[in-house]
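Listed here are the chains, written in short residue letters.
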Amino acid sequence: MRICTWNINSVRLRLPLVLKLLDEYRPDVLCLQETKVVDDSFPTAEFRDRGYVHIQIHGMKSYNGVAIISRLPLEGGDVKHWCEKQDCRHVLATLPGGIEVHNLYVPAGGDVPDPAVNDKFAHKLRFLDEMRDWFPANRSKDKPMVLVGDLNIAPLEHDVWSHKQLLDVVSHTPVEVEKLTALQDSLSWVDAVRRFVPANQKLYTWWSYRAADWEASDRGRRLDHIWVTPPLAGSLTGYQVLREARGWEPKPSDHVPVMVDLAV
DNA sequence: ATGTCAATAAATTATTGA
């Protein structure tokens, strides 16, 4: 089973790129974030035509929005709300074999890494705390689960182009990393991609639009993640981070697809 | 390091969020 996650930054604008991904890499399950579209306007037909007939969407106007698009049957589709907001940052569904997929879009957190003066950063930290509490209270680490999405945090030193220069930059500050790690530890989640890429090797999934030449400067961050619970860890057989997709024409997302293969 | 995108509401240009 191949599971892919991609922050698409408008699914309607980049629909041709999404279809290219499906045609060339044939994931069984595609999880999108930042779809930026209400459910009624989601381009469902184009996915159905390609055999992706099982779709769980949770979108809103302009911002955020998540979707699970699958060739395999989905059951028990649901959404969760965090921080007393209905802002479309989470959708979940169950795959054959009882594998529960959680697709998440963690708040970006604004620019100033101080919750006292920046409400967006405070929201991000609260969101992480709520997830850290929710998963162990409602799920067991013995349940086969996959958590994917744009977590908007690059936790490891080599998940960013310069650990030192990004210590004060939202996405790599110690307080965010600590909270993401606490969430990971809460159900013994395994960082699937880092099972294949050693922690001392640079690995990025996002490059800013603001760079004059993203490829030459290569100032990336690993913000997009795939985690699995312990029962699935032994089934991981491969991964791909589609760096090339950062250059896909005509208009690439600033994030690239991340996928893993599971022998289930 | 403050550069670029995308969506929206309003009317070719500003705002907001990332």
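Residues numbered from 1 in each chain as written. Chains lettered and ligands numbered in written order. Predicted model: local features only at pLDDT ≥ 70, side-chain atom pairs only at ≥ 80, totals over all residues. Heavy atoms only, no water.

(A) Region of the structure containing the protein's contact with DNA strand B. Neighbouring residues of DNA strand B: 16 residues in total, closest Ser10, Lys61, Ser62, Tyr209 and Arg210. What you see for DNA strand B is that sugar and phosphate hold 69% of its atoms within 4 Å of the protein. Between DNA strand B and Tyr105 there is a distance of 3.4 Å, counted from a sugar or linking oxygen to a side-chain nitrogen or oxygen. One nitrogen or oxygen atom from the main chain of Tyr209 is found 3.0 Å from a sugar or linking oxygen belonging to DNA strand B. Along the lines of polarity and charge, the residues of the surface near DNA strand B split into 5 nonpolar, 3 polar and 8 charged. (Near = heavy atom within 4 Å. Polar contact = N/O pair within 3.5 Å; in protein donor to acceptor, adjacent residues only side chain to side chain. Nonpolar A, V, L, I, M, F, W, Y, C, P; charged D, E, K, R; others polar.)

(B) Just the layout of surface pockets, in detail. There is about 1,000 Å³ of room inside the largest pocket. In terms of lining, the largest pocket is formed by 31 residues, of which the most central are Ala108, Gly110, Asp111, Asn152 and Trp206. The class makeup of the residues in the lining of the largest pocket is 10 nonpolar, 10 polar and 11 charged. (1 Å grid on protein atoms, 1.4 Å probe; cavity = no way out; pocket = protein on both sides within 12 Å on 5 of 7 lines; lining within 4 Å. Points joined across faces, edges and corners; volume = space filled by probe spheres on them.)

(C) How the structure looks around the side chain of Arg194. Checked against the element boundaries, Arg194 lands in the loop between strand 9 (190–191) and strand 10 (206–207). Residue classification places Arg194 among the buried residues on the basis of a relative accessible area of 12%. The residues contacting Arg194, other than those within four sequence positions of it, are Leu156, His158, Asp159, Ala199, Gln201, Leu203 and Arg222. (Helix = DSSP H or I, 4+ residues; strand = E, 2+ residues; numbered from the N terminus. Buried < 20%, exposed > 50% of the residue type's maximum accessible area, 1.4 Å probe, protein only. Contact = heavy atoms within 4.5 Å.)

(D) Molecular detail of the UniProt feature "binding site: Mg(2+)" (unreviewed entry) in chain A. The UniProt record annotates "binding site: Mg(2+)" (unreviewed entry) at Asn7, Glu34, Asp150, Asn152, Asp254 and His255. Across 249 residues of sequence, these annotated residues stay compact in space, with a maximum C-alpha separation of 12.5 Å. Lining the largest pocket, from this annotated set, are Asn7, Glu34, Asp150, Asn152, Asp254 and His255. Setting aside residues no more than four positions away along its own chain, Glu34 makes contact with Asn7, Ile8, Asn9, Ser10, Val11, Asn64, Gly65 and Tyr105. (UniProt positions renumbered as here; feature names shortened; annotations may be inferred.)

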